[in-house]
Amino acid sequence: MSSTPDSPIAILKTGDRQLDATLRPSVWDDYVGQAHVKNNVKVLLEAARKRGDMPEHILFYGPPGVGKTTLAHLVAASIDAPLKSTSGVAIERAGDLAAILTNLEPGSILFIDEIHQLSHKIEELLYPALESGHLDIVLGKGPSARTVELQLPPFTLVGATTKVAQLSSPLRSRFGGGVYQLDFYSEEDLRSIIARSAQVLGLSPSAEVVEKIANRSRATPRVANALLKRVRDFAEVHEKELTPDVADEAAKLFGIDALGLTKDDRRYLETLRDGFKGGPAGVRALASAMHEDPDTIENVYEPYLLRLGFIERSLRGRILTQKGKDYLGS
Ligand SMILES: Nc1ncnc2c1ncn2[C@@H]1O[C@H](COP(=O)(O)OP(=O)(O)OP(=O)(O)O)[C@@H](O)[C@H]1O
Ligand SMILES: [Mg+2]
């Protein structure tokens, strides 16, 4: 049984498109935390502006919901560039890539989400486009086939991925503007994000309520925003004030415990403990025992469990730590 459509796990996986868009910061000052990424990218953009050039290509990676797409939008907005968004799975054939690249407005940002999903063939086509702004297209078949070189409008590629390890090293090396890791957020940063989101939604929660939500947000802005919305809805439906107790009840109803873990995380830990004697267990075996897909296990469940120190990764697989056992025992 995989997670239900509106569980926190599902929200991490797929996002809440409307809420993400409503609460997405549109200026750098509203983009909280990740200072090293922000500062480096801003310098890169400013240097390009001074040269009168497009910035070099940039890659962002990190767990779901930590602000990769938001950064791509900010990059485009801050140099006043049109943004074209697509994703690794959407570019299947050479023709798809050619259509996207040749139709870019000059000076665009091309955002490719989940860029690790590009096929090898598409990657190879992309290299000359990234390096020298042209595309080699093969016309015709067999002996009469010929290659034409298509000149492309100038653009900057912004890539994002939750799985940087799956990116080929030739592709990785094409991001001359840098490869930036986005990390989980501190509680302080989460509190700032929640306070700003509350303002956008016309709410004024107390510091205590903000803290409750921050504690339960898996160190992830998308979860923080989703939980804030749940708390608001819960208070509205029950015609209650936004008190810390109401925040607790809403979080419980949403299926998040005091550490930000869901019943799905618990099931993961229990499967590791009971099905695999605490490990080591391979991710595929775990996924199959849980009827989940291995990608979700690796990208959605595990990063936060690793951060909490409830599991460890070894060469032979995942291991439940004493901390993880204690959590289950409680
Ligand atoms: N640094 C930040 N400051 C304020 N809000 C943020 C920040 N990062 C993310 N958010 C909020 O969290 C939401 C999710 O962020 P975003 O969509 O950019 O994540 P992502 O890393 O692209 O996730 P995914 O891997 O699922 O595509 C955004 O809509 C935004 O409201
Ligand atoms: Mg995204």
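Predicted, not measured: the structure shown is a model, and the values here were computed from it.

Reading the values: the criteria
Residues numbered from 1 in each chain as written. Chains lettered and ligands numbered in written order. Predicted model: local features only at pLDDT ≥ 70, side-chain atom pairs only at ≥ 80, totals over all residues. Heavy atoms only, no water. Core = buried A, V, L, I, M, F, W, Y, C linked by side-chain atoms within 4.5 Å. Buried < 20%, exposed > 50% of the residue type's maximum accessible area, 1.4 Å probe, protein only. Helix = DSSP H or I, 4+ residues; strand = E, 2+ residues; numbered from the N terminus. Contact = heavy atoms within 4.5 Å. Pairing = 2+ DSSP bridges. Axes fitted to C-alpha atoms, helices over the stretch in contact; angles between N-to-C directions. Domains from an automatic or database assignment. Buried area = accessible area lost by both parts, 1.4 Å probe. Salt bridge = Lys/Arg side-chain N within 4 Å of Asp/Glu carboxyl O. Polar contact = N/O pair within 3.5 Å; in protein donor to acceptor, adjacent residues only side chain to side chain. Nonpolar A, V, L, I, M, F, W, Y, C, P; charged D, E, K, R; others polar. Near = heavy atom within 4 Å. Areas by Shrake-Rupley, 256 points an atom, 1.4 Å probe, with all protein chains shown as cover.

**Some points on the nonpolar core**
Phase 1 of the analysis: The biggest cluster of nonpolar side chains holds 71 residues, and the ones touching the most others in it are Val-41, Phe-60, Val-75, Tyr-268, Leu-269 and Leu-305.
Phase 2 of the analysis: No other element matches the 8 residues that helix 10 (residues 221-237) contributes to this core.
Phase 3 of the analysis: Residues contacting Val-41, with those up to four places away along its chain left out, are Trp-28, Ile-58, Phe-60, Val-75 and Tyr-180.
Phase 4 of the analysis: Judged by nonpolar contacts, the second largest core, of 27 residues, contains Ala-98, Val-164, Leu-167 and Phe-175.

**What about the pairing of strand 6 (residues 155-161)?**
Phase 1 of the analysis: Within strand 6, 7 of the 7 residues are buried, which leaves the element mostly enclosed by the surrounding structure.
Phase 2 of the analysis: Burial of strand 6 is two-sided: the residues Phe-155, Leu-157, Gly-159 and Thr-161 facing one way and the residues Thr-156, Val-158 and Ala-160 facing the other way are all buried.
Phase 3 of the analysis: As defined by bridge partners, strand 1 (residues 58-61) adjoins strand 6 across 4 bridges and the pair is classed as parallel. Bridged to Ile-58 within strand 6 is Val-158.
Phase 4 of the analysis: As paired elements, strand 3 (residues 108-113) and strand 6 share 5 bridges and run parallel to each other. Each residue of the ladder has a partner; that of Phe-111, found in strand 6, is Val-158.

**Digging into the sheet that holds strand 3**
Phase 1 of the analysis: The strand order across the open sheet formed by 5 strands is 2-3-6-1-7, and the pairing between neighbours is parallel. Whereas interior strands pair on both sides, the edge strands pair on one side only; in this sheet they are strand 2 (83-87) and strand 7 (178-181). Neighbour-to-neighbour, the strand axes of this sheet turn through a mean angle of 20 degrees, independent of strand direction.
Phase 2 of the analysis: Packed onto the sheet, helix 3 (residues 35-51) meets strand 1 and strand 7 and runs at close to 155 degrees relative to strand 7.
Phase 3 of the analysis: Helix 4 (residues 68-78) rests against strand 1, strand 2, strand 3 and strand 6 of the sheet, and its axis sits at about 155 degrees to strand 1.

**Looking at the domain arrangement of the chain**
Phase 1 of the analysis: What the domain assignment reports for the chain is domain 1 (34-181), domain 2 (187-254) and domain 3 (263-329).
Phase 2 of the analysis: A separation of 34 Å is found between the C-alpha centroids of domain 1 and domain 3.
Phase 3 of the analysis: Taken over both partners, the interface formed by domain 1 and domain 3 buries close to 310 Å², and the fraction arising from carbon and sulfur atoms is 49%.
Phase 4 of the analysis: Taken together, the connections running from domain 1 to domain 3 amount to 1 salt bridge.
Phase 5 of the analysis: The partner of Asp-295 in a salt bridge is Lys-163, and the shortest N-O contact between them spans 2.5 Å.
Phase 6 of the analysis: Linking domain 1 with domain 3 are 1 residue pair in polar contact (both at pLDDT 80 or more).
Phase 7 of the analysis: Taken together, the residues of the side of domain 1 that touches domain 3 break down into 2 nonpolar, 1 polar and 1 charged.

**Quick word on the site of ligand 1**
Phase 1 of the analysis: Taken together, 21 residues lie near ligand 1, and Asp-20, Arg-24, Gly-65, Lys-68 and Thr-70 sit nearest.
Phase 2 of the analysis: Leu-23 places a main-chain nitrogen or oxygen 3.0 Å from an oxygen atom of ligand 1.
Phase 3 of the analysis: At 2.8 Å from an oxygen atom of ligand 1 is found a side-chain nitrogen or oxygen belonging to Arg-222.
Phase 4 of the analysis: Notes on ligand 1: free accessible area 630 Å², of which the protein chains cover 96%.
Phase 5 of the analysis: When contributions to the shell around ligand 1 are tallied by element, the ones reaching two or more residues are helix 2 (17-23), helix 4 and helix 10.
Phase 6 of the analysis: Across the shell around ligand 1, the residue classes tally to 10 nonpolar, 6 polar and 5 charged.

**As for the environment of Tyr-127**
Phase 1 of the analysis: With respect to the secondary-structure elements, Tyr-127 resides in helix 6 (residues 120-132).
Phase 2 of the analysis: Note: C-alpha distance between Tyr-127 and Lys-212 (85 residues apart in sequence) is 47 Å.
Phase 3 of the analysis: Sequence-distant contacts of Tyr-127, defined by excluding residues within four places in its chain, comprise Ser-168, Pro-170, Leu-171 and Arg-174.
Phase 4 of the analysis: At 2.8 Å, the side chain of Tyr-127 forms a polar contact with the side chain of Glu-123.

**Observations concerning the pattern of salt bridges**
Phase 1 of the analysis: Applying the stated criterion to the full structure yields 18 salt bridges.
Phase 2 of the analysis: A salt bridge links Arg-174 to Glu-131; the nearest nitrogen and oxygen atoms lie 2.5 Å apart. Taken as a pair, Arg-174 in the loop between helix 7 (169-172) and strand 7 and Glu-131 in helix 6 lie far apart in primary sequence, 43 residues in all.
Phase 3 of the analysis: Glu-298 is the partner of Arg-318 in a salt bridge, and the nearest nitrogen-oxygen pair spans 3.8 Å. Here Glu-298 lies in helix 14 (residues 294-308) and Arg-318 lies in strand 9 (residues 317-320), a separation of 20 residues in the sequence.
Phase 4 of the analysis: Relative accessible area serves as the criterion here: at 9%, Arg-318 is assigned to the buried category.
Phase 5 of the analysis: Via salt bridges that share partners, Glu-298, Glu-302, Arg-313 and Arg-318 belong to a single interconnected network.

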